Amino acid sequence: MDMSEPVAVLPDVDRRRRAVASALGSLRIEGIEIGADARAIADRYIAGEITVDELVEENLRLTSG
């Protein structure tokens, strides 16, 4: 790795937004669309209000009924 070249570092919110977009894209490829409740959880994660572990827990709780 050439350390003389600048490296772009994404702010946390951009990194989280890209991670969610990637996950949602993967779901869409599989023919799965998420509902408003799951999107609200994802938005809270993007905003930094919850951790990725909390995102997973809340989505599991949401889908388990």
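No experiment lies behind these values; they were computed from the predicted model shown. (Residues numbered from 1 in each chain as written. Predicted model: local features only at pLDDT ≥ 70, side-chain atom pairs only at ≥ 80, totals over all residues. Heavy atoms only, no water.)

**A short note on helix 2 (residues 36-46)**
Argument step 1. Taken together, the buried positions of helix 2 are occupied by A38, I41, A42, Y45 and I46. Projected down its long axis, helix 2 shows its buried positions confined to an angular sector of 145°, all on one face. In helix 2, the exposed positions angled more than 90 degrees off the buried face are occupied by A36 and D37.
Argument step 2. Those residues of helix 2 that are buried lie in contact with helix 1 (12-29) and helix 3 (52-63). (Buried < 20%, exposed > 50% of the residue type's maximum accessible area, 1.4 Å probe, protein only. Helix = DSSP H or I, 4+ residues; strand = E, 2+ residues; numbered from the N terminus. Arc of directions from axis to C-beta. Contact = heavy atoms within 4.5 Å.)

**As for the environment of R17**
Argument step 1. Secondary-structure assignment places R17 in helix 1.
Argument step 2. Taking the relative accessible area as the measure of exposure, R17 reaches 42% and is therefore partly exposed.
Argument step 3. Note: C-alpha distance between R17 and I46 (29 residues apart in sequence) is 5.4 Å.

**Thoughts on the environment of A38**
Argument step 1. Secondary-structure assignment places A38 in helix 2.
Argument step 2. Through-space distance from the C-alpha of A38 to that of N59 is 6.5 Å; in sequence the pair is 21 residues apart.
Argument step 3. Not counting the four nearest positions on each side in its chain, A38 is found in contact with N59 and L62.

Honestly, it's all geometry; don't read function into it.
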